[in-house]
Number of protein chains: 2
Amino acid sequence: MSFKYLGAKAAAALDKELMSTGAFSIDQLMELAGLSVSQAVFRVHPPTKGRRILIACGPGNNGGDGLVAARHLFQYGYEPTIYYPKRSNNELYKRLAKQLEDLEVPFVQDFPTAAKSTDHILDAVFGFSFSGEVREPFPAVIRAMEQSTVPVTSVDAPSSWNIENGPPQSGLGSSFNPDVLVSLTAPKPLVKHFKGRHFIGGRFVAPAIARKYDFEVPEYTGIDQVVEVTPSGQKL
Amino acid sequence: MSFKYLGAKAAAALDKELMSTGAFSIDQLMELAGLSVSQAVFRVHPPTKGRRILIACGPGNNGGDGLVAARHLFQYGYEPTIYYPKRSNNELYKRLAKQLEDLEVPFVQDFPTAAKSTDHILDAVFGFSFSGEVREPFPAVIRAMEQSTVPVTSVDAPSSWNIENGPPQSGLGSSFNPDVLVSLTAPKPLVKHFKGRHFIGGRFVAPAIARKYDFEVPEYTGIDQVVEVTPSGQKL
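Residues numbered from 1 in each chain as written. Chains lettered and ligands numbered in written order. Predicted model: local features only at pLDDT ≥ 70, side-chain atom pairs only at ≥ 80, totals over all residues. Heavy atoms only, no water.

Caption draft 1: Examining the overall build of chain A more closely. The number of helices and strands found in chain A is 7 helices and 8 strands. Over its C-alpha atoms chain A spans a radius of gyration of 16 Å, differing by no more than 12% from the 18 Å that the globule rule assigns to 236 residues. Dimensions along the principal axes, computed over C-alpha positions, put chain A at roughly 45 × 40 × 35 Å. Residues counted as buried form 59% of the 236 residues belonging to chain A. Side chains of chain A give 24 positive and 24 negative charges; the mean places of these two sets differ by 2 Å. (Helix = DSSP H or I, 4+ residues; strand = E, 2+ residues; numbered from the N terminus. Rg over C-alpha atoms; globule rule 2.2 N^0.38 Å. Buried < 20%, exposed > 50% of the residue type's maximum accessible area, 1.4 Å probe, protein only. Lys, Arg positive; Asp, Glu negative; His and termini not counted. Charge placed at Lys NZ, Arg CZ, Asp CG, Glu CD.)

This is the structure:
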């Protein structure tokens, strides 16, 4: 039995459908995505193992998921620090950032330096819509994560990886293999190259939607918003 | 040490502030409120004790919280049934109802009959903005809940109760005392009259906001969105 992945185009179409006929708002979906990510972080690295978590947020939806996760992590007792160099003018992202400022969560300008004094890194730079080259100022972020001695958790995709083909063959990102990956809704094809602990998050998909997009909804337990699967996305 | 409650006026002002300077959207707040409620239901009455849950939704925000909770409960393995007789034209509520329809969750028209074949009732009829009389068609709902032989969980307030003074002195609602109450953000003054299991939900409030409105943020644990407190709202 072959496992079904959600390619970049299918993931984009699914997102669009959830927000049109599916009647979800992006506020709702991002809240649930960020909540999933925060639960996976808690599972692999509870605050008793170190409260400091540095969160790299990209300019798009992946960064938004990171901002939501940061807020929940703060509430769980973590001390998040945010690196968010390319702030979007999008009203939702502005609000998510303001919610963190109201919690007095610090925002930093220098990721590589901040990465030297944290207990965990959350990579919310690029998601399923990433392709092509890593643009400034993110190359230094990818390099710092490649060389990190503390665990790195990636949201939906290890940033710099191609969604279909995985890590770049050489150069920036080619030796980046995060410790943890949280696939949102369903694993992307890149997981075939992933070797760490793998979670699926996003417990809100209707069975009819999963059938239409030909992926399996994993078996979540209790009230969990995430479920751990094998590195390549199969049932543990 | 006297315990601090959030009166009806203060609760309305807080909601307004969260959605203005607090930068939360109502989609976000309702998602988090409904999620809290679903977690409390799971805690007191896991699906192994009976999967059927009948959810009475009022026309306003309390009903919206019920619609969100219903979706999460479905995902946890419950079989929710919705009674939602006064559908709002508000776009958000329409979307929340559509999300349930996509899960093929049934909507019923006759609450008293449905209440005879369920394992649990969720009362999401009226919240902190309720005052005055219970209007049609809700008197029959209150009566059915008063007489229910299965547990009833109320969202934010036992419906028909006055937010400051508690249950009506006589007549409809005067003998309604739900088994479980989920106070959203902070307990309302009516909890002084409540005798069941009591949870506080809404783990997103900034410490500065709690100080301003003079209530205490309870100590949540782990990734929980709810915490159990005494019937009158104090630490267990």
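We are not done yet, so read on.
Caption draft 2: How the structure looks around the pattern of salt bridges. Residue and element names in this part refer to chain A. Per the counting criterion, the structure on display carries 24 salt bridges over all chains. Measuring nitrogen to oxygen at the nearest pair gives 2.9 Å for the salt bridge that ties Asp156 to Lys188. Remark: Lys188 occurs in the loop between β6 (180-184) and β7 (197-201) and Asp156 occurs in the loop between β5 (152-155) and β6; sequence separation between them is 32 residues. In terms of burial, Asp156 and Lys188 fall into one category: buried. The network of salt bridges with shared partners includes Asp27, Glu91 and Arg95. (Salt bridge = Lys/Arg side-chain N within 4 Å of Asp/Glu carboxyl O.)

Caption draft 3: Here's a closer look at the pairing of β5 of chain A. Residue and element names in this part refer to chain A. Here β5 shows two buried faces, one formed by Val152 and Ser154 and the other by Thr153 and Val155. Bridging between strand β4 (residues 120-124) and β5 involves 3 bridges; their strand directions are parallel. Bridging across to β5, Asp123 finds its partner in Ser154. Taken together, β4, helix α6 (residues 139-146) and β5 constitute a β-α-β crossover, and its handedness is right-handed. (Pairing = 2+ DSSP bridges. Right-handed = clockwise from strand over helix to strand, strands pointing away.)

Caption draft 4: View of the environment of Ile163 of chain B. All names here are of chain B. Among the structural elements, Ile163 can be located in the loop between β5 (152-155) and β6 (180-184). Spatially, the C-alpha atom of Ile163 lies 8.3 Å from that of Gly127, the residues being 36 residues apart in sequence. In this structure, Ile163 is in contact with Ala8, Gly127, Phe128, Phe130, Ala157, Lys188, Pro189 and Leu190, ignoring residues within four places of it in sequence. (Contact = heavy atoms within 4.5 Å.)

Caption draft 5: Inspection of helix α4 (residues 91-102) of chain B at higher detail. For α4 of chain B, which comprises 12 residues, the first-to-last C-alpha distance of 16 Å matches the rise-based estimate of 16 Å (1.5 Å per residue) to within 8%. Elements in contact with the buried residues of α4 of chain B: α2 (26-44) of chain A together with α2 (26-44), α3 (61-75), β2 (79-83) and β3 (107-108) of chain B. One side-chain oxygen at the N-terminal end of α4 of chain B lies 2.7 Å from the backbone nitrogen of Leu92 of chain B; it belongs to Asn90 of chain B. At the exit of α4 of chain B stands Glu104 of chain B, carrying a positive phi of roughly 60 degrees. (Expected span 1.5 Å × (residues − 1). Polar contact = N/O pair within 3.5 Å; in protein donor to acceptor, adjacent residues only side chain to side chain.)

Caption draft 6: Structural context of the UniProt feature "domain: YjeF N-terminal" (unreviewed entry) in chain A. The sites that UniProt annotates as "domain: YjeF N-terminal" (unreviewed entry) are residues 11-217 of chain A. Counted over residues 11-217 of chain A, helix gives 35% and strand 15%. Its end C-alpha atoms are 14 Å apart. (UniProt positions renumbered as here; feature names shortened; annotations may be inferred.)

Caption draft 7: Up close: the interface of chain B and chain A. Across the contact, 30 residues belong to chain B and 30 residues belong to chain A. In total, about 2800 Å² of surface goes out of reach between chain B and chain A, with carbon and sulfur atoms giving 58% of it. Looking only at chain B, the three residues that lose the most surface to chain A are Gln28, Gln75 and Ile223 of chain B, adding up to 21% of its buried area. Between the two partners, chain B and chain A, sit 0 salt bridges. It is α2 of chain B that contributes the most residues to the side of chain B that touches chain A, 7 residues altogether. (Buried area = accessible area lost by both parts, 1.4 Å probe.)

Caption draft 8: Broad picture of the relation of the copies chain B and chain A. The operation relating chain B to chain A is a screw motion whose rotation component is 180 degrees, with 0.0 Å of axial translation and a residual RMSD of 0.0 Å. The relationship between the two copies is best expressed as a two-fold rotation axis. A shared interface surface links the copies, since 100% of the contact residues of chain B are contact residues in chain A too. (Least-squares fit on C-alpha atoms with pLDDT ≥ 70 in both.)

Caption draft 9: Fine view of the pairing of β6 of chain B. Residue and element names in this part refer to chain B. Across the 5 residues that make up β6, a large majority, 5, are buried. Of the two faces of β6, the one holding Val180, Val182 and Leu184 and the one holding Leu181 and Ser183 are both buried throughout. With 3 bridges connecting them, β5 and β6 associate as parallel partners. In the strand pairing of β6, Thr153 is matched with Val180. In the sheet, β6 pairs with strand β7 (residues 197-201) via 5 bridges, with the strands oriented parallel. Note that in β7 the partner of Leu184 across the bridge is Gly201.

Caption draft 10: Seen up close, the side chain of Ser160 of chain A. Residues and elements named next belong to chain A. Position of Ser160 relative to the elements: it lies in the loop between β5 and β6. Residue classification places Ser160 among the buried residues on the basis of a relative accessible area of 7%. In contact with Ser160, other than residues within four places in its own chain, are Phe126, Phe130, Val134, Ile142, Pro168, Gly173 and Phe176.

Caption draft 11: Molecular detail of empty space enclosed by the protein. Taken as a whole, this structure holds 1 cavity of 30 Å³ or more when the rule is applied. When its volume is computed, the largest cavity comes out at roughly 50 Å³. Contributing to the lining of the largest cavity are Thr185, Gly202, Arg203, Phe204, Val205, Phe215, Val217, Pro218 and Tyr220 of chain A together with Gln75 of chain B. A breakdown of the residues in the lining of the largest cavity according to their chemical character gives 6 nonpolar, 3 polar and 1 charged. (1 Å grid on protein atoms, 1.4 Å probe; cavity = no way out; pocket = protein on both sides within 12 Å on 5 of 7 lines; lining within 4 Å. Points joined across faces, edges and corners; volume = space filled by probe spheres on them. Nonpolar A, V, L, I, M, F, W, Y, C, P; charged D, E, K, R; others polar.)

Caption draft 12: Summary view of helix α3 (residues 61-75) of chain A. Over its 15 residues, α3 of chain A runs 22 Å from end to end, which matches the ideal 21 Å to within 8%, given 1.5 Å per residue. Counting buried positions over the 15 residues of α3 of chain A gives 13, a clear majority of the element.

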